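Results of the structural survey
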Number of protein chains: 2
Amino acid sequence: MTAPTLRDVAERAGVSIRTVSNVVNGYAKVTEPMKVRVQAAIDDLGYRPNLMARNLKQGRSRIIALVVPALDVPYFAELVRLIIGEAQAHGYAVLIDQTDGDVERERELIMEAPQAVGFDGVIVSPLALTAADLESRRSPAPILLLGEKIFDSAADHVAIDNVTAAREATAHLIGLGRRRIAAIGVEQDPSDGTAVLRTRGYREAFAAAGLPVDESLMVPTPHYERRHGAAAMTALLDRADPPDAVFCFSDLLALGAMRVALSRGLRIPEDLALVGFDDIEDGRYSTPTLTTVAPDKQGLARSAVETIRTRIESGQDATPLEITTPHRLVLRESSLGGAGATA
Amino acid sequence: MTAPTLRDVAERAGVSIRTVSNVVNGYAKVTEPMKVRVQAAIDDLGYRPNLMARNLKQGRSRIIALVVPALDVPYFAELVRLIIGEAQAHGYAVLIDQTDGDVERERELIMEAPQAVGFDGVIVSPLALTAADLESRRSPAPILLLGEKIFDSAADHVAIDNVTAAREATAHLIGLGRRRIAAIGVEQDPSDGTAVLRTRGYREAFAAAGLPVDESLMVPTPHYERRHGAAAMTALLDRADPPDAVFCFSDLLALGAMRVALSRGLRIPEDLALVGFDDIEDGRYSTPTLTTVAPDKQGLARSAVETIRTRIESGQDATPLEITTPHRLVLRESSLGGAGATA
DNA sequence: TCTAACTATTGCATCGATGCAATTTGTCGC
DNA sequence: GCGACAAATTGCATCGATGCAATAGTTAGA
């Protein structure tokens, strides 16, 4: 019942273990008849190389760890899907770890797990990692930060230009004539890189238009999920002077906000224009469909995998890479109305 | 730069490798001072056991493969998240493979990968696997079917009672007084177990109510995604005699259908009541919120992991287990209207 | 025919850990 | 003080593969 090994194949074919290994690995100097004979034995026994043994010997696992906050957040689900695809295409498997917002767990995964499990590299969409954490890392496995930026850290980083994207989204709303433009999900803690950058973009758009920012319309949220968007929107609509537009820092926030606004009888976008961020599929099927910032997720996945592959395979610890992938603003009904939708 | 091994620790502590191993594994017969001394060396060097080596020696990897069609389908994303959580809690890591609807790839993953990579077990939400495939599997790693049933196969199977669930959903619509109740996602191919079972439940509900089934209202779809729901709904609404209710075999189908219905100006549920299946989070935040069959996903995940753990750890190849986890019908606005929503 | 120069094949050590059995150390009883 | 016995520690083989260097086998040239 136990799986056949090189030895079994060698015995059956009447050759040495090493020769079988050579055949398996397509080593050049094996005569044709020998190759055929060994291959026959391999097929007979249904031999498959044992990767654990191979990896132990070669010191690598061809496994990349992917650490994300939660898999059921559509943005991550979509991204993870693409990353797995990219990795598979290059012969790597992906092991996923969820932090569930648990900072301690995140740190442990990044710091300890790689050398223990033998990950060749770690792609992490960080939650609360600090530059100091990264400094004190001993593991030789390269680490790549995806999305969230960690200021002053020396790790490779792949992301879109959050400031520009947020500025464009806000500018779009300003361009529509809105003036009371709320922002949901703004910076609460300066270590939250994404919020900081998007908040900056939001402010820049007002500055560029020569308009003042109403700080009271900037609502921070604990996370970027639907219920937080719903709660924030409720608070905004309870005001005496509610906003006429909202830029939400994630599509989920926007969908939560949309639900609240609709249930209060507001018309979107007439009474309230809405822009999200991430371009998750839900936003393409909501009613109304959601205007959003669409990161090039395929590009993010490709860059992430390619960058970490390079680090793994050529291992130079050169200067950290800072890669920016493109994004675009997708205009849909939640800001334009039934009229025009670009995608 | 290279990670410290047992040997390094042993050298530093001035003891044998074996003793260090004993300390690491909490072997009972190690004196306290010895334990302290070795532990100090371990901490000094930052030693972590190399799992590849350990696994090779012990013949198991503590890795479970999870094969799903696609990660960005919310139902799978939610389920995968729970499964990873359950597995982590029991010391297993999860390696995810996506089949992307590629049947060949699915077969290969199930048949070949386990013994190659050394998976201890495989949880698969099958796409097009046949009983014959499972028969001819050589790998000793246990396999567990999640959700989709493969008739006449001898593998463990964890799922909800699809027939009953579909019957209840349909009965709910009948109970609301609807009579032209369409079904989107019905059986097209008898090998598609899920569709077969849900279709059966749909028919049973009509039979139980003494009503005839209008076959022309039963629409098959290639998959269970939003766009298929949208397409099916479009076709239904283009009829001279459109339905007054629709039971969609997935929430995504329902959301796609909802989008189409709303954009045509129909009122939900007044003109068209809608019931989905899966209870994905989107349905709780759509407008209107979606009535749906809610499988106990946490229960599914727990049963799946526990069942395969048992197989892995006690390895008896007893009779295959058939585990049914609970479900309930969650009533929301898409069938009840603004009035009552149970959850 | 004999040696040089390859080439195909093989044997041995090794990756880092654990299983098992042997060995050393320590404790007691008499 | 010595043998017996249990407890703590250690050595060796091993998991299944690959790296490296040696060996056997072939061909060619003189």
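Rules behind the numbers
- Residues numbered from 1 in each chain as written.
- Chains lettered and ligands numbered in written order.
- Predicted model: local features only at pLDDT ≥ 70, side-chain atom pairs only at ≥ 80, totals over all residues.
- Heavy atoms only, no water.
- Helix = DSSP H or I, 4+ residues; strand = E, 2+ residues; numbered from the N terminus.
- Rg over C-alpha atoms; globule rule 2.2 N^0.38 Å.
- Buried < 20%, exposed > 50% of the residue type's maximum accessible area, 1.4 Å probe, protein only.
- Contact = heavy atoms within 4.5 Å.
- Areas by Shrake-Rupley, 256 points an atom, 1.4 Å probe, with all protein chains shown as cover.
- Lys, Arg positive; Asp, Glu negative; His and termini not counted.
- Charge placed at Lys NZ, Arg CZ, Asp CG, Glu CD.
- Near = heavy atom within 4 Å.
- Polar contact = N/O pair within 3.5 Å; in protein donor to acceptor, adjacent residues only side chain to side chain.
- Salt bridge = Lys/Arg side-chain N within 4 Å of Asp/Glu carboxyl O.
- Nonpolar A, V, L, I, M, F, W, Y, C, P; charged D, E, K, R; others polar.
- Phe/Tyr/Trp six-rings, centres within 6.5 Å; stacked < 30°, edge-to-face > 60°.
- Lys NZ or Arg CZ within 6 Å of the ring centre and 35° of its normal.
- Domains from an automatic or database assignment.
- Axes fitted to C-alpha atoms, helices over the stretch in contact; angles between N-to-C directions.
- Parallel < 35°, antiparallel > 145°, perpendicular 65-115°, else oblique.
- Left-handed = near helix turned anticlockwise from the far one by under 90°.
- Least-squares fit on C-alpha atoms with pLDDT ≥ 70 in both.
- Core = buried A, V, L, I, M, F, W, Y, C linked by side-chain atoms within 4.5 Å.
- Pairing = 2+ DSSP bridges.
- Right-handed = clockwise from strand over helix to strand, strands pointing away.

For chain A, the helix and strand inventory stands at 15 helices and 12 strands. A globule of 343 residues ought to have a C-alpha radius of gyration of about 20 Å, yet chain A, at 26 Å, is considerably larger. Projecting the C-alpha coordinates of chain A onto the three principal axes gives extents of approximately 85 × 45 × 35 Å. Counting all 343 residues of chain A, 54% fall into the buried class. Of all intrachain contacts in chain A linking residues separated by at least 6 positions in sequence, the fraction that spans at least 24 positions is 69%. Total accessible area computed for chain A in this model is approximately 14400 Å², and 51% of it derives from carbon and sulfur atoms. Averaging the coordinates of the 37 positive side-chain charges in chain A and doing the same for the 46 negative ones gives two points 6 Å apart.

Right, let's get into the protein's contact with DNA strand D. Surrounding DNA strand D, one finds 26 residues, the nearest of these being Leu6(A), Ser21(A), Tyr47(A), Lys57(A) and Thr19(B). What you see for DNA strand D is that sugar and phosphate hold 65% of its atoms within 4 Å of the protein. At 2.4 Å, a side-chain N or O of Thr19(B) approaches a phosphate oxygen of DNA strand D. The separation between a base oxygen of DNA strand D and a polar side-chain atom of Lys57(B) is 3.2 Å. For the surface near DNA strand D, the secondary structure elements donating two or more residues are helix H1 (6–13), helix H2 (17–24) and helix H4 (51–58) of chain A together with helix H2 (17–24) and helix H4 (51–58) of chain B. The dominant element in the surface near DNA strand D, judged by the number of residues it contributes, is H4(A), at four residues.

Residues and elements named next belong to chain A. With an omega dihedral of 10 degrees, the bond running from Ile268 to Pro269 counts as a cis peptide bond. Examined against the element boundaries, Pro269 turns out to sit in the loop between helix H12 (251–263) and strand S9 (273–277). In this model, Thr287 is joined to Pro288 through a cis peptide bond whose omega is -5 degrees. Looking at the element boundaries, Pro288 is found in the loop between helix H13 (282–285) and strand S10 (291–295). Here the phi dihedral of Asp279 falls at roughly 55 degrees; this positive angle occurs in a residue that is not glycine. The topology assignment puts Asp279 in the loop between S9 and H13.

So, on to the pattern of salt bridges. According to the stated counting rule, one finds 42 salt bridges over all chains in the structure shown. Salt-bridge contacts for Asp72(B) lead to Arg81(A); the nearest nitrogen and oxygen are separated by 3.3 Å. Of this pair, Asp72(B) sits in the loop between strand S1 (63–68) and helix H5 (74–89) while Arg81(A) sits in helix H5 (residues 74–89), each in a different chain. Classification of Asp72(B) as partly exposed rests on a relative accessible area of 25%. With a closest N to O distance of 3.0 Å, Asp282(A) and Arg226(A) form a salt bridge. Placement of the pair is Asp282(A) in helix H13 and Arg226(A) in helix H11 (residues 226–237), with a sequence separation of 56 residues. Salt bridges sharing partners connect three or more residues here, namely Arg226(A), Glu281(A), Asp282(A), Arg226(B), Glu281(B) and Asp282(B).

Neighbouring DNA strand C are 25 residues; Thr19(A), Lys29(A), Leu6(B), Ser21(B) and Tyr47(B) lie closest to it. Protein-adjacent atoms of DNA strand C, using a 4 Å cutoff, are sugar or phosphate at a proportion of 66%. Between Ser16(A) and DNA strand C, the recorded distance is 3.1 Å, taken from a backbone N or O atom to a phosphate oxygen. For DNA strand C, a base nitrogen lies 3.4 Å from a polar atom in the backbone of Ala53(B). Going through the elements one at a time, H2 and H4 of chain A together with helix H1 (6–13), H2 and H4 of chain B are the ones with two or more residues in the surface near DNA strand C. Here the residues of the surface near DNA strand C sort into eight nonpolar, nine polar and eight charged.

We describe a pair of aromatic rings using the distance from one ring centre to the other and the angle between the two ring planes. Residue and element names in this part refer to chain A. Evaluated as defined, the whole model comprises eight aromatic pairs over all chains. Taken together, the ring pairs in this structure connect Phe247, Phe249 and Phe277 into an aromatic cluster. We note Arg62 situated over the ring of Tyr92; from NZ or CZ to the ring centre the distance is 4.6 Å.

Turning our attention to the domain arrangement of chain A. Parsing chain A into structural domains produces domain 1 (6–49), domain 2 (63–159 + 297–326) and domain 3 (162–295). One C-alpha centre belongs to domain 1 of chain A, the other to domain 2 of chain A, and the line joining them spans 38 Å.

Attention now goes to the packing of helix H9 (residues 162–175) of chain B against helix H10 (residues 193–209) of chain B. Residues and elements named next belong to chain B. It is the contact of H9 with H10, at a shortest axis distance of 7 Å, that shows an interaxial angle of 45 degrees. When the interaxial angle is binned, H9 and H10 end up oblique. Along this stretch, H9 crosses H10, giving a crossing that reads as right-handed. Mapping the contact onto sequence places Asn162, Val163, Ala166, Arg167, Thr170, Ala171 and Ile174 in H9 and Thr194, Leu197, Arg198, Arg200, Gly201, Tyr202, Glu204, Ala205, Phe206 and Ala209 in H10. Looking at the contact of H9 with H10 residue by residue, the classes come out as nine nonpolar, four polar and four charged.

For these two chains of identical sequence, chain A goes onto chain B by a turn of 180 degrees and a shift of 0.0 Å along the axis, with RMSD 0.1 Å. Expressed as an axis order, the relation between the two copies is that of a two-fold axis. Taking C-alpha positions as reference, the residue of chain A nearest the rotation axis is Leu95(A), located at 2.3 Å. Take the interface residues of chain A: 98% of them recur as interface residues in chain B, which is what a same-surface contact looks like.

Now for the side chain of Glu78(B). Relative to the assigned elements, Glu78(B) resides in helix H5. Apart from the residues lying within four places of it in its own chain, the contact partners of Glu78(B) are Asp72(A), Asp279(B), Ile280(B), Glu281(B) and Lys297(B).

Of all hydrophobic cores here, the largest spans 142 residues; its most connected members are Ile96(A) and Ile96(B). Sequence-distant contacts of Ile96(A), that is, excluding residues within four places in its chain, are made with Leu66(A), Val68(A), Leu71(A), Val80(A), Ile84(A), Leu71(B), Ile84(B), Gln88(B), Val94(B) and Ile96(B). Formed by 25 residues, the second largest nonpolar core is a distinct cluster that contains Val67(A), Ala155(A), Val67(B) and Leu134(B).

In this section: the pairing of strand S2 (residues 93–98) of chain A. Residue and element names in this part refer to chain A. The buried fraction of S2 is high, at five of six residues. Pairing geometry for strand S1 (residues 63–68) and S2, over six bridges, is parallel. Paired with Val68 across the bridge in S2 is Gln98. In terms of handedness, the path from S1 via H5 over to S2 forms a crossover that is right-handed.

All names here are of chain A. Along the chain, Asp189 falls in the loop between strand S6 (181–184) and helix H10 (193–209). The exposure class of Asp189 is partly exposed, given its relative accessible area of 38%. With 31 residues separating them along the chain, Asp189 and Pro220 place their C-alpha atoms 9.3 Å apart.

Residues and elements named next belong to chain A. Within the fold, Ala232 resides in helix H11. By relative accessible area, which is 5% here, Ala232 ends up buried. For the pair Ala232 and Thr324, spaced 92 residues apart in sequence, the C-alpha to C-alpha distance is 30 Å. Discounting chain neighbours no more than four positions away, the residues touching Ala232 are Ile184, Val219 and Thr221.

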